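# A structural walkthrough
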There are 2 protein chains.
Amino acid sequence: MDFEIANVEFTKEELIDFLLDIDESEIEEAIENIHPVDVLNALKETDEQTSQIILNKLPNEFIAMIIDEDDDENRYDFLIKFSENRQKDILSEMSSDEIADFIGQLDTEEKEEVLAKLSIEDKIEVHDLLQYDPETAGGIMATEFISIRENKTVYRTLEYLQIHAYDAEMAYYLYVIDKQNHLKGVVGLRNIVASSFDTLISEITNPNVVSINVNDDQENVAHVFSKYGYVMLPVVDDDNVIKGVVTVDDVMDIIKEESTEDIHRLAGLDEEEKVDGSLLDSLKSRLPWLSINLFSALLASSIVTHFSSTIQMVVALAAINPIIAGMGGNSGTQALTLMVRGIALGEINPKNAKKIFFKELGVGLFSGIIIGLLVGLGTHFFFGNFYLGLVAFLAMIGNMVVAVVAGYFVPLTLKKLNVDPALGSSIFVTTFTDCVGFFLFLSLATFFLPKLI
Amino acid sequence: MDFEIANVEFTKEELIDFLLDIDESEIEEAIENIHPVDVLNALKETDEQTSQIILNKLPNEFIAMIIDEDDDENRYDFLIKFSENRQKDILSEMSSDEIADFIGQLDTEEKEEVLAKLSIEDKIEVHDLLQYDPETAGGIMATEFISIRENKTVYRTLEYLQIHAYDAEMAYYLYVIDKQNHLKGVVGLRNIVASSFDTLISEITNPNVVSINVNDDQENVAHVFSKYGYVMLPVVDDDNVIKGVVTVDDVMDIIKEESTEDIHRLAGLDEEEKVDGSLLDSLKSRLPWLSINLFSALLASSIVTHFSSTIQMVVALAAINPIIAGMGGNSGTQALTLMVRGIALGEINPKNAKKIFFKELGVGLFSGIIIGLLVGLGTHFFFGNFYLGLVAFLAMIGNMVVAVVAGYFVPLTLKKLNVDPALGSSIFVTTFTDCVGFFLFLSLATFFLPKLI
C-alpha cells in the first residue's frame, strides 16, 4: 500500500492532487490524519514547482515532522528551501533531539548556520545533546518528557496533563522526581486513569524504576527494550538525574539499523550502502572489500603455485582442489554467521561459550566425515584411483574442522578487540579455509604422489 | 547486566537466594518489580529442587508470565510440572493470544490436553485464534483491548477505565466502535487525559484510524509499525469488525526474527538453528545446505575436468582459476545481499528497480575492470606471459558482470515465485559465478593456447 486513510488506499499521485486542490484555510484539518512520511514520499516523486506550491501551504509544524522523517543527508537541503524567517519557525517546531540529530550530520559551517536560527533555550538544549556520542542513549534520547512530584493527587495530575500532555513524546509514563531532578519512580498513564481521582501519586508510584545511563551503547538499549518489551525508558546521568527518555520507535529503527549493518558487513559491504544509491557510492563501498579479498585469493593461489609440479603430474587435482576449499568456506561461513548473530542478540555468554565450541567442533568433524565420504567416493569412482579418493576424504575432514574452529574464534576475537564481529570476519575465515584447504589437499597429494600417478 | 532493581545490578545467583529467602506472604509485593524474564533465566541455571521450591511460592499470575517468556518448545514441559488444578489456575491468568501461541506449537494430543483445562470462554477465544496463520496479524494479535462508544464524556470514560484499564494489553489507545463492533475511530489515552472532563469522546475521536487486516503477513505488519512509529494498531476482519490489537513489543520480536531468518538463510543455515543448540540440530540445519553446495561445486569441477588437457599444458591456470571464480563469487554475494536486504526493508519498487539494475551493471563492469587489471597485471608479471594476463583480465570482467546480474535477478526471481529471496539465493549465485568463471577463463585460455605455452 502507498498510504491509507480510513482503510481506503491512496496512491502518491492522488495524495499530491489532494494537497494541490485543497484550500490553504482547510489544510490544517485535512492533514490531521495524513502521516508526514507519506507526504515526504509523494513529494520526492513530484517536480520542484508542484512540491514548492504544496510546501508553501503546509503548516510549519507539519514541515518540521517531514524534515524529521527525511534521510539524514537530505534534511539540510530541504530546510534551506524556505525563507530565513520560515526556517526559524520550522526549527522552533522541532524537538531538541530532532534538531540535534539533524545538526549532528552537518559540517561545521552549516551547523553554525542552523544553530544561529534557534531560540536561546533550544540552542542550549541542542548544544547539551550534541555532547553525547550519537550511538549512545544520550545521543538518541528526547528531552521532552513529563515529570511530577509525588505529593499530587490523580485529579490534580490530570488537570496538569490537560495542559502539558502534548509537550512530551509519547506521554505513557510520568517520571516522579525530587527537587534536584533525581529520578525517584515512575507512574504509568494507565495507573493514573485506573485510579480514583483522590489517589495520591505516591500511592501508585513504582519506586523501582528501570533506567538507562546516558552513556549506554544504543545496541544495549535495544536489548533492554526488546528483552522486556518496554515502550519507553528514562535516561539518567551518573548521579541518577533524569536527562531524557528513549521511546520504542527509535529502538525499532536501531534494531533494523544494527541488523542491516551486520548483514552488510558479513557480505563485505559498507553498512551505509543503499540499494538504490549511486554507482560511485556502490564502488566506494565494495571495491575496498574486493581488494582485501583479492589479496587473500592471491595468498591461496600462491599455495597452489607452490605445488604446480604435483598438479602437472596429476591434473585431476586442479578439478578437486576448489571443491575442498569451497566446501570448507561454506562450512566456515555457516559457523561464523551463527556466531555473529548470536553475539548481536546477546545469546553468547562465558557459560555457554565452551559448550558452543565443542558443538561446533562436532559439526566440523561429522560434516567433514559425511561430505568427505561423498567427495572421496565420487573421486575414487570418477578418476578410478582409490588413493586420490582417500586424499580428498582426509583433506575434506581437516578443512571442515579448521573451518568451524575459525568460524568460532574469529568473531569472538574481533569482539574481544572491540571490533564489530561482523566486520571482515568472513574474509578472515574464507582466507583460512582456502589456504588450509589447498595446502592440506595438495601436500597430502604430494605425499601419496607415487600412488596417484 | 543480569537484571536490575532500582539501578542496582543483581546476579542470577543473588536473585535465586532472594527468592529462596523471602517469606511466601511477602513474595507478591517483592516480585512486583522483578521481570519474569529475569526469574526464568535464573531458574534455568538452578537445580530442579531449588527451582520447584521457588515456583511453589510464586503467584499463578507470575508463573503465567514466566511461561509466556519461555521459548516455544519449553512451555509445555514447564506447565505440566504443576498439579492439574494449579495448571488450570495458571492458564486462566494467561491472555487468549498467549495461550494460542503456546498451544499452536504442540502436537494434537498435548493440544487437546491443554484445551481441556481452559474455561469455556477461553476455549472459544483460543479456538478462534488458532484459525489464523501464526505468521499473520491474526496469529500475533491479542484479543484484550478497550472499546468504547463515542457518546461518553471524558469523565465517564475515566470512571470506566478505573475499572477496566487492566483488562487490556497496553491500554494507550481506546477504540471507538458501533453496535456491530465495526471500528469507527481511535482515541489516545493522551487525548483523554489532555481534555477537560466534560469533553465528549466524539470530539476527540480520530475517525481516520489506521488498521491492519487479520490476514496481513507479519512482515508487512512490522513494516507499517516501523515506518510510522506506532506502538499499537487495531486488527480488523474484511467487514471492518475489530478483532484484536497488535502491540509494538510483538513487532520488535518479529523484526528481530525476520532479520535472523535472512541472515541465517543467506549463509545456508536453518532459520531456527540456535547458537547454543545441540550438535544434532546443527547437523540437521547445515548438512542439507552443504549437500546442495557440494552438488554445485561438482558441477563447477566438471567444467575444470573438461579443460584438463589445457591445464596440463599451462599449469599456471590451476592457480589463477580459483581467483577468477572466487572474486566473482564475492562480487555476486555483495550485490545479492544488498538486494535481499533491500527487498526485506521494502526499499525496492517497480520504479527504482530499473535504475538499480543499471547501477549494478556499472558496478560489475567497473569493478571487473579494476580487479581485472590488478589480476591481469599480476599474472603478466608473475608468470611472464602477456596473453595469460589478458585472459585473466577478460575473464575477470566477464565474471564480475555475470556476478552482479545474477546477484540482481536471483533474489527478485525468488521473490516473484513467492519464495523468500534469502533462501538459497547465495548458492544459486555462487554456482553461477563458479561455473561461468571457470568456463570463461579456461575457454579463453584454450583459445589463446598457442600464445600461452
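Cut-offs used in this document
Numbering of residues starts from 1 in each chain and follows the order in which that chain's sequence is written. Chain A is the first chain written and ligand 1 is the first ligand written, with later ones labelled in order. Under the rules for a predicted model, residues below a pLDDT of 70 receive no local features and side-chain atom pairs below 80 are neither given nor counted, while totals for whole chains, interfaces and linings still include all residues. A run of H or I in DSSP counts as a helix once it spans at least four residues, and a run of E counts as a strand once it spans at least two, with each numbered from the N terminus. Every radius of gyration here is taken over C-alpha atoms, with the globule rule written as 2.2 Å times N^0.38, N being the number of residues. Burial in this document is a count-based property: other C-beta atoms within 10 Å of a residue's C-beta are tallied, and the residue is buried at 20 or more, exposed at 12 or fewer, or partly exposed in between, with C-beta positions derived from the backbone. We call two residues in contact if the C-beta atoms placed from their backbones are at most 7 Å apart. Here a nonpolar core is just a set of buried residues of the types Ala, Val, Leu, Ile, Met, Phe, Trp, Tyr and Cys, joined wherever their C-beta atoms sit within 7 Å. Domain limits in this description derive from either an automatic procedure or a database domain assignment. Following DSSP output, two strands are said to pair if at least two bridges run between them. All residues other than Ala, Val, Leu, Ile, Met, Phe, Trp, Tyr, Cys, Pro, Asp, Glu, Lys and Arg, Gly among them, are scored as polar; the first ten of these are nonpolar and the last four charged. Alignment of copies: least-squares fit on C-alpha atoms of residues with pLDDT of at least 70 in both copies. Where helices are involved, their axes are fitted lines through C-alpha atoms of the stretch in contact, as for all axes, and angles between N-to-C directions lie from 0 to 180°. Roughly parallel means an angle under 35 degrees; roughly antiparallel means over 145; roughly perpendicular covers 65 to 115; every other angle is labelled oblique. By convention the crossing between two helices is left-handed if the near helix lies anticlockwise of the far one by an angle smaller than a right angle, and right-handed if it lies clockwise. Helix span is expected to be 1.5 Å times the residue number reduced by one. To get the bend at any residue, fit one axis to the seven residues that end at it and another to the seven that begin at it, then take the angle between the two axes.

### Considerations on the overall build of chain A
The secondary structure content of chain A amounts to 23 helices and eight strands. A compact globule built from 453 residues would reach a C-alpha radius of gyration of about 22 Å, whereas chain A, at 30 Å, exceeds it by more than 25%. Over its C-alpha atoms, taken along the principal directions, chain A stretches across nearly 95 × 55 × 45 Å. Here chain A holds 453 residues, and the buried ones make up 45% of them. Sequence separation of at least 24 residues holds for 70% of the intrachain contacts in chain A that already meet a minimum separation of 6.

### Considering the nonpolar core
Of all hydrophobic cores here, the largest spans 125 residues; its most connected members are Ile324, Ala392 and Met396 of chain A together with Ile324, Ala392 and Met396 of chain B. By size, the runner-up hydrophobic cluster in this structure holds 110 residues, among which are Ile192 of chain A together with Met65, Leu91 and Ala100 of chain B.

### Describing the domain arrangement of chain A
Structurally, chain A comprises domain 1 (3-132), domain 2 (147-257) and domain 3 (279-452). Each of domain 1 of chain A and domain 3 of chain A was reduced to a C-alpha centroid, and the two centroids are 51 Å apart.

### Focus: the sheet that holds strand E8 (residues 242-247) of chain A
All names here are of chain A. Taken in spatial order, the three strands line up as E6-E7-E8 in an open sheet, and their pairing is mixed. The strands lining the two open edges of the sheet, one partner per strand, are strand E6 (212-213) and E8. With five bridges connecting them, strand E7 (residues 232-236) and E8 associate as antiparallel partners. If you follow Val235 over to E8, its bridge partner there is Gly244.

### Thoughts on the interface of chain B and chain A
It is common to give the size of an interface as the accessible area lost on bringing the parts into contact. The partner chain A presents 96 residues to the 98 residues of chain B that form the contact. Top contributing element to the side of chain B that touches chain A by residue count: helix H19 (residues 316-344) of chain B, with 17 residues. For the side of chain B that touches chain A, the residue count by class is 52 nonpolar, 32 polar and 14 charged.

### Here we look at the relation of the copies chain B and chain A
In screw terms, the move from chain B to chain A is a rotation of 180° and a rise of 0.0 Å along the axis, fitting with an RMSD of 0.1 Å. The transformation just described matches what one would write down for a two-fold rotation axis. With an isologous cut-off of 70% or more, the 98% of interface residues of chain B that recur at the interface of chain A puts this contact in the isologous class.

### Concerning the sheet that holds strand E5 (residues 183-188) of chain B
Residues and elements named next belong to chain B. Strand order in this open sheet of three strands is E3-E4-E5, and the pairing throughout is mixed. Either end of the sheet is taken by a strand with one partner, and the two such strands are strand E3 (147-148) and E5. Bridge count between strand E4 (residues 173-177) and E5: five bridges; the pairing is antiparallel. Across the sheet, Leu174 pairs through a bridge with Val187, a residue of E5.

### Points about helix H5 (residues 60-69) of chain A
Here H5 of chain A has its buried residues at Phe62, Ile63, Ala64, Met65, Ile66 and Ile67 of chain A. Those residues of H5 of chain A hidden inside the fold are in contact with helix H3 (36-44), helix H4 (48-57), helix H6 (75-79) and helix H7 (84-92) of chain A.

### Considering the packing of helix H16 (residues 248-267) of chain A against H19 of chain B
Contact geometry of H16 of chain A with H19 of chain B gives a least axis separation of 9 Å together with a crossing angle of 165°. In terms of axis orientation, H16 of chain A runs roughly antiparallel to H19 of chain B. In the packing of H16 of chain A onto H19 of chain B, the handedness of the crossing is right-handed. Of the residues in H19 of chain B, those touching H16 of chain A at Thr260, Ile263, His264 and Ala267 of chain A are Thr333, Gln334, Thr337 and Arg341 of chain B.

### Points about the environment of Glu113 of chain A
All names here are of chain A. Along the chain, the position of Glu113 falls in helix H9 (residues 108-115). By the C-beta count within 10 Å, which is 15 here, Glu113 ends up partly exposed. For the pair Glu113 and Ile103, spaced ten residues apart in sequence, the C-alpha separation works out to 9.9 Å.

### Structural notes on helix H17 (residues 279-306) of chain B
An α-helix turns once every 3.6 residues. As a result, residues three or four positions apart point the same way. Between its terminal C-alpha atoms H17 of chain B stretches 39 Å, which fits the 40 Å expected from 28 residues at 1.5 Å a residue. The largest bend in H17 of chain B amounts to roughly 30° and is located at Arg286 of chain B, with the proline Pro288 of chain B lying one to four residues further along.

### Here we look at unusual backbone geometry
A positive phi is found at Asn181 of chain A, a non-glycine position, where the angle reads about 65°. Within the secondary structure, Asn181 of chain A sits in the loop between strand E4 (173-177) and strand E5 (183-188). Its identity is not glycine, yet Asn240 of chain B carries a phi of approximately 65°, on the positive side. As for its position among the elements, Asn240 of chain B is in the loop between strand E7 (232-236) and strand E8 (242-247). Looking at Asn240 of chain B, the number of C-beta atoms within 10 Å reads 18, which means it is partly exposed.

### A closer look at the environment of Phe382 of chain B
All names here are of chain B. Topologically, Phe382 is positioned in helix H20 (residues 350-383). By C-beta crowding, Phe382 is classed as partly exposed, having 17 other C-beta atoms within 10 Å. Along the backbone, Phe382 and Lys111 are 271 residues apart, and their C-alpha atoms lie at a distance of 69 Å.

### What to know about the pairing of E7 of chain A
Residues and elements named next belong to chain A. The buried fraction of E7 amounts to five of the five residues, a majority that puts the element mostly inside the structure. The two faces of E7 match: Met232, Pro234 and Val236 on one face and Leu233 and Val235 on the other face are all buried. By the bridge criterion, two bridges tie E6 to E7 in an arrangement that is parallel. Paired with Ile212 across the two strands is Val235, which belongs to E7. Joining the antiparallel neighbours E7 and E8 is a turn of five residues, in which Asn240 adopts a positive phi near 65°.

### Comments concerning the environment of Ile22 of chain A
Residues and elements named next belong to chain A. Looking at the secondary structure, you find Ile22 in the loop between helix H1 (12-21) and helix H2 (24-30). Overall, Ile22 belongs to the partly exposed group, with 15 C-beta atoms counted inside 10 Å. Taking C-alpha positions, Ile22 is 9.2 Å from Lys57, a pair spaced 35 residues apart along the chain. When near neighbours in sequence (up to four residues on either side) are disregarded, Ile22 contacts Ile27 and Ala30.

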